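Residue strings, one per chain:
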Amino acid sequence: VEPSFIKGSIVHGSADAPVTVIEYASLTCSHCKTFAEEVTGKLEEKLIPEGKVRLEFRNFVRDRLDMAVSVAIRCTSDAGVSKRLLKAYFAKQVAWMTSEDPRTIITAIAGTEGVTEEDLNKCFASKSVVQHLIEMGQNASTTYKINATPTVLMDGKKVGFSSYANLVEQIEAAVSAAEK
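Quick one: what's the story with the nonpolar core, residue by residue and with numbers?
One finds Leu27, Phe57, Ile73, Leu85, Tyr89, Trp96 and Val115 to be the most contacted residues of the largest nonpolar core, which totals 29 residues. Mapped onto this core, the elements with two or more residues apiece are α2 (64-74), α3 (79-91), α5 (102-111), α6 (117-125) and α7 (127-144). Residues within four places of valine 115 in sequence aside, it is in contact with Cys75, Val81, Leu85, Ala110 and Leu120.

Below you can see the structure in the form of structure tokens.
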């Protein structure tokens, strides 16, 4: 029996939001960690709760450790758990990435949200969870020509940005334009 897991985007915000931001990210990417802290954090303070922005997180897996943590954040049927794990793994990125025993730390972090070692082992052994993540990355490459993380799309188009503050400004400008 295949374990239940979160498929597709990990969504923050309403489907009715006028602006949709998609982030393709790797959990082993330090720039993606900064994005999670600076951009996602700012959007969650105001624009997401106000219903103005929908943020979709999509995995772009780069290596084995990234795959392990990507599987761990999706090893639940509860989107809230998945979002909290995403934050926790980014917050503790240096610890699990530099550990001589990353699996112990990855398992402990998952456990803080009620994902047991048994659950994780089922997800790690599941071909469908891994295949889903591989296909997400392949789709990003073919559909959007993504080859680096983080890559941000706004309303379906790649967004260039010089800093995270610049990206937040572009999102706020898109919200203003959508409100007119």
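Which residues make up the environment of valine 81, and what values go with them?
Mapped onto the elements of the fold, valine 81 is located in helix α3. For the pair valine 81 and glycine 8, spaced 73 residues apart in sequence, the C-alpha to C-alpha distance is 15 Å. For valine 81, the residues in contact, after removing those within four places along its chain, are Thr76, Glu113 and Val115.

Go over the sheet that holds strand β2 (residues 19-25), please, and point to the residues and values.
Spatial strand order, β1-β3-β2-β4-β5: five strands in an open sheet with mixed pairing. Here the strands that pair on one side only, and so sit at the sheet edges, are β1 (10-12) and β5 (157-159). Adjacent strand axes in the sheet meet at a mean angle of 25° when their direction is disregarded. Strand contacts of α2: β1 and β3 (53-59), with the helix running at about 130° to β3, the strand carrying the most contacts. With respect to the sheet, α7 is in contact with β2, β3, β4 (151-154) and β5, its orientation differing from that of β3 by roughly 115°.

Break down the layout of surface pockets for me, citing the residues and quoting the values.
Each pocket or cavity is described by its volume, and for the largest pocket that value is around 170 Å³. Lining the largest pocket are 14 residues, with Ala36, Glu37, Thr40, Lys87 and Phe90 sitting closest to its centre. The set of elements that each furnish at least two residues to the lining of the largest pocket consists of α1 (30-45), β3 and α3. Grouping the constituent residues of the lining of the largest pocket by class yields six nonpolar, three polar and five charged.

Lay out the environment of glycine 8 in plain terms, naming residues and giving numbers.
Structurally, the position occupied by glycine 8 is in the segment before β1. Glycine 8 sits 66 residues away from arginine 74 along the chain, and the two C-alpha atoms are 9.6 Å apart. The residues touching glycine 8, leaving out its near neighbours within four places in the chain, are Phe57, Arg74, His132 and Met136.

Account for the pairing of β3, with residues named and values stated.
On any regular strand, side chains alternate: one points to one face of the sheet, the next to the other face. Counting buried residues in β3 gives seven out of seven residues, a clear majority hidden from the surface. Of the two faces of β3, the one carrying Val53, Leu55, Phe57 and Asn59 and the one carrying Arg54, Glu56 and Arg58 are both buried. Relative to β3, β1 is paired through three bridges, and the arrangement is antiparallel. When the sheet's bridge partners are listed, isoleucine 10 is paired in β3 with phenylalanine 57. The pairing of β2 with β3 spans seven bridges and is parallel.

Rules and cut-offs
- Residues numbered from 1 in each chain as written.
- Predicted model: local features only at pLDDT ≥ 70, side-chain atom pairs only at ≥ 80, totals over all residues.
- Heavy atoms only, no water.
- Core = buried A, V, L, I, M, F, W, Y, C linked by side-chain atoms within 4.5 Å.
- Buried < 20%, exposed > 50% of the residue type's maximum accessible area, 1.4 Å probe, protein only.
- Helix = DSSP H or I, 4+ residues; strand = E, 2+ residues; numbered from the N terminus.
- Contact = heavy atoms within 4.5 Å.
- Pairing = 2+ DSSP bridges.
- Axes fitted to C-alpha atoms, helices over the stretch in contact; angles between N-to-C directions.
- 1 Å grid on protein atoms, 1.4 Å probe; cavity = no way out; pocket = protein on both sides within 12 Å on 5 of 7 lines; lining within 4 Å.
- Points joined across faces, edges and corners; volume = space filled by probe spheres on them.
- Nonpolar A, V, L, I, M, F, W, Y, C, P; charged D, E, K, R; others polar.

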